[in-house]
Amino acid sequence: MPPDTLLELKDVGRTFDVSRPWLDRVLEGEGRRSLRAVDGVSFTIKRGETLALVGESGCGKSTVARLIVGLYPPSEGKIEFEGADLSDPASSPMRRRMQMIFQDPYASLNPRWRVRDIVAEPIVAHGLAPDRATLEARVGELLSQVGLAPQDGEKYPHEFSGGQRQRISIARALSSNPEFLVCDEPTSALDVSVQAQILNLMKDLQQRLGLTYLFISHNLAVVAHIATRVGVMYLGRLVEIADARDLFTQPRHPYTRMLIDAIPDLEMSGKARTPVAGEVPNPISPPPGCTFNPRCPHANERCRSERPMRIDLPGSRSAACHAVEEGRLSASGG
Amino acid sequence: MTAPLLEVRNLRVEFPTRRGTLVAVDDLSFEIAPGEVLGVVGESGAGKSLTGMAIIGLLEPPGRIASGQILLEGERIDNLPPDAMRRIRGKRIGAIFQDPLTSLNPLFTIGEQLIETLQVHLELDHKQARSRAIELLAEVGIPAPAARIDNYPHHFSGGMRQRVVIALALCAHPRLIVADEPTTALDVSIQAQIIDLLKKVARENGAAVMLITHDMGVIAETADRVAVMYAGRLAEIGPVKDVIHAPRHPYTSGLMSSIPKLGEQRESLAQIDGAMPRLTAIPPGCAFNPRCPKRFDRCMTERPSPMPAGANHAACWLYAS
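Residues numbered from 1 in each chain as written. Chains lettered and ligands numbered in written order. Predicted model: local features only at pLDDT ≥ 70, side-chain atom pairs only at ≥ 80, totals over all residues. Heavy atoms only, no water.

What follows deals with the side chain of Arg237 of chain A. All names here are of chain A. On the secondary structure map, Arg237 appears in strand β10 (residues 237-243). Under the relative-accessibility criterion, Arg237 is labelled buried at 15%. With residues up to four places along the chain from it excluded, the contact list for Arg237 reads Asp39, Val41, Val232, Gly289, Thr291 and Arg307. (Helix = DSSP H or I, 4+ residues; strand = E, 2+ residues; numbered from the N terminus. Buried < 20%, exposed > 50% of the residue type's maximum accessible area, 1.4 Å probe, protein only. Contact = heavy atoms within 4.5 Å.)

In structure tokens, the structure reads:
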């Protein structure tokens, strides 16, 4: 493994049991049903970069985030942080070095705790402050770092707006001195002007503290702004991964092209948007072959029967598409 | 210019509370012509949804219209008794809400819901209503409508449900459609389909559409004109191109440059510091003055009304003549 790799996912999968209750199954003679939320996902994140995962609802991007921070164990595959397997109990000290920021700043802060206690909890839990005075000084410093006043620590979460609450979440995430932050839709509950404040803060903190981000979002414009690399997920699989600039200027996978074409055009250049056909199929019974084949304008017999593997393309990018592999799709146009 | 289909004059919506009266919509005036899509944008709490609710007569008490007038095709509808308003709603005004799951009754098939609505507003027997319902489902792009009409809402995906909600809103050919965040709960690929559908409906039926959303991208693709709201007041209104590319009000400019855009690399986004004031603490003068980079003395004391600014109207003293 190259030394600058911080995190690596190797063929990670996660299956959820979505069977109906036992009695219903017996009465109606149904079997168990399972849902493959994440299916054979592999990628690496380099130190100091921001990898964004994008995709529509139900594509498994949030599940990947939760697998990485250990909220769910993976059903298969391995997640390595600096080469140490995270499923190994001996790696638990590594957990301090990664933290998560959630989407909803209204639900992710305990309403009965003062802000200073919320921010201090990870410091206390990891035993990072020798005495009370150090702890207080550290909390004050964290709050100033995210653009709040140290005195705000005395207040309760309900006294803050959505954007300020997200700042508190960030201060809490930073309190254990992590190197790696997993951010699950951190700005999608916020208004655009506040979203800009939080994105600027996150970029600024990344530069000052040398942080590495995994950034989950469905908003491609936000991702284009913040990410260095972008992975596109569809029905639990990673279909394309590339440097942000390459992905947005020259998408290769037909699904990535579709997503980019579907973004409403703020410039009103009058470019015709390719109408998007169909919807995401039911993930419990995904179509055989390439799961995107029912919506894909380039699908043929092979796409309907054989699952495409991700193949490396020039420029440190890869895509899982038979049409790209066979050269049926030109590099730029579609 | 044709007579406006909807006219809102000096609308004021108040919420009496124990700690005093909150003014959620304050002196708001605009109009929409037949066949026109007016986008209403603003951040949470700007009063855009409440304006929509006031127009369709569904303000939740204790919220009430304290003053001002709402005119539909020249006729006042803000002071109608609930019964008369109920006949207008559905027939002359159709409403589409954000969440397609809660807008449909889960216990009835979509056919039953469409047929009931059709029979309430139009004189159709059951058979005619059913065939009209199938036509409507086909119009909003539901595949195999004759088979799907007997399905329940849970059989449909989010995007398909929103199509059913649009079919319900359209069934009596309303003159005005109030759509409150119709695409917010949907994925981008489905969003585009729903936007195209709304546009088509407005053009074909000559209906006026009031499209309430916080998503400037949706507005850019759909609206003819845009109204920008801030703290319950109209900040700026004008043709969509001018509001997006040549915003005049400092709030609109701030809002536009804080949106990340594809194909544009910037180290940091322009940001408007601070947050929109709470309704309990709206500053005197212009409500935007504490955050405004261009404020001067007059802004702190005197409240601006919308005045001509380029092709737009902006409530900003910079444009006082």
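Don't stop here, the text continues.
Quick look at the sheet that holds strand β5 (residues 84-85) of chain A now. Residue and element names in this part refer to chain A. Overall, antiparallel pairing links the four strands, which are arranged β2-β1-β4-β5 in an open sheet. The sheet is open, and its two borders are formed by β2 (34-46) and β5, each paired with just one other strand. Of the pairings in the sheet, the one linking strand β1 (residues 5-17) to strand β4 (residues 76-81) comprises five bridges and is antiparallel in character. Residue pairing across strands places Lys10 opposite Lys78, the latter belonging to β4. (Pairing = 2+ DSSP bridges.)

Residue and element names in this part refer to chain B. Here eight strands make up an open sheet; going across it, the order is β6-β7-β8-β3-β9-β10-β12-β11 and the pairing mixed. If you trace the sheet from one side to the other, it starts and ends with β6 (93-96) and β11 (307-309), each paired once. Pairs of neighbouring strands in the sheet enclose a mean axial angle of 20°, with direction left out of account. Two elements, strand β3 (residues 37-41) and strand β8 (residues 208-212), share four bridges in a ladder whose sense is parallel. Paired with Gly39 across the strands is Leu211, a residue of β8. Of the strands in this sheet, β3, β6, β7 (176-180), β8 and β9 (225-230) are in contact with helix α1 (residues 48-55), which crosses β8 at around 145°. (Axes fitted to C-alpha atoms, helices over the stretch in contact; angles between N-to-C directions.)

Before going further, it helps to examine the pairing of β8 of chain B. Residues and elements named next belong to chain B. Along β8, five of the five residues are buried, which leaves the element largely enclosed by surrounding structure. Neither face of β8 is left uncovered, since the one carrying Ala208, Met210 and Ile212 and the one carrying Val209 and Leu211 both have all their residues buried. In this structure, β7 lies alongside β8, joined through five bridges in parallel fashion. Across the sheet, Ala179 pairs through a bridge with Leu211, a residue of β8.

With that settled, consider the packing of aromatic side chains. By the definition in use, this model includes eight aromatic pairs over all chains. Ring geometry for Tyr255 of chain A versus Phe292 of chain A: centroids 5.2 Å apart, planes at 65°, classification edge-to-face. Placement of the pair is Tyr255 of chain A in helix α9 (residues 254-262) and Phe292 of chain A in the loop between α9 and α10 (301-305), with a sequence separation of 37 residues. Note on accessibility: Tyr255 of chain A and Phe292 of chain A belong to one class, buried. On the numbers, 4.5 Å between centres and 55° between planes, the contact of Tyr230 of chain B with Tyr251 of chain B is tilted. On the criterion of sequence distance, the pair formed by Tyr230 of chain B in strand β9 and Tyr251 of chain B in helix α10 (residues 250-257) is long-range, its members being 21 residues apart. A relative accessible area of 4% places Tyr230 of chain B in the buried class. Arg148 of chain B extends its terminal NZ or CZ atom over the ring of Phe156 of chain B, reaching a point 4.2 Å from the ring centre. (Phe/Tyr/Trp six-rings, centres within 6.5 Å; stacked < 30°, edge-to-face > 60°. Lys NZ or Arg CZ within 6 Å of the ring centre and 35° of its normal.)

As a further point, take the packing of helix α5 (residues 162-174) of chain A against helix α6 (residues 192-209) of chain A. All names here are of chain A. Close contact between α5 and α6 brings their axes to 10 Å; oriented N to C, the two are set at 20°. By the angle class used here, α5 and α6 are roughly parallel. The interaxial crossing formed by α5 with α6 has right-handed handedness. Mapping the contact onto sequence places Gly163, Gln166, Arg167, Ile170 and Leu174 in α5 and Val194, Gln197, Ile198, Leu201, Met202, Leu205 and Leu209 in α6. A per-class count over the contact of α5 with α6 returns eight nonpolar, three polar and one charged. (Parallel < 35°, antiparallel > 145°, perpendicular 65-115°, else oblique. Left-handed = near helix turned anticlockwise from the far one by under 90°. Nonpolar A, V, L, I, M, F, W, Y, C, P; charged D, E, K, R; others polar.)

This part is about the nonpolar core. Within the largest apolar cluster, 97 residues are counted, with the highest numbers of intra-cluster contacts made by Leu6, Phe30, Ile55, Ile93 and Leu176 of chain B. Residue contributions to this core peak at eight residues, all from helix α6 (residues 158-170) of chain B. Other than its neighbours up to four places away in sequence, Ile55 of chain B contacts Leu6, Val8, Phe30, Ile70, Ile77, Met85, Ile93, Leu176, Val178 and Met210 of chain B. Counting residues in hydrophobic clusters, the runner-up holds 62 residues, among them Leu109, Phe160, Leu220 and Ala242 of chain A. (Core = buried A, V, L, I, M, F, W, Y, C linked by side-chain atoms within 4.5 Å.)

What follows concerns the pattern of salt bridges. If you walk through the whole model with that rule in mind, you get 45 salt bridges over all chains. Among the salt bridges present, the one from Arg237 of chain A reaches Asp39 of chain A, with a minimum N-O distance of 3.4 Å. Residue Arg237 of chain A is found in strand β10, and its partner Asp39 of chain A is found in strand β2; the two are separated by 198 residues along the sequence. For Arg303 of chain B, the salt bridge goes to Asp26 of chain B, with nearest N and O atoms at 2.8 Å. One end of the pair, Arg303 of chain B, is in the loop between α11 (297-301) and β11; the other, Asp26 of chain B, is in strand β2 (residues 20-32), and 277 residues separate them in sequence. Under the relative-accessibility criterion, Asp26 of chain B is labelled buried at 12%. (Salt bridge = Lys/Arg side-chain N within 4 Å of Asp/Glu carboxyl O.)

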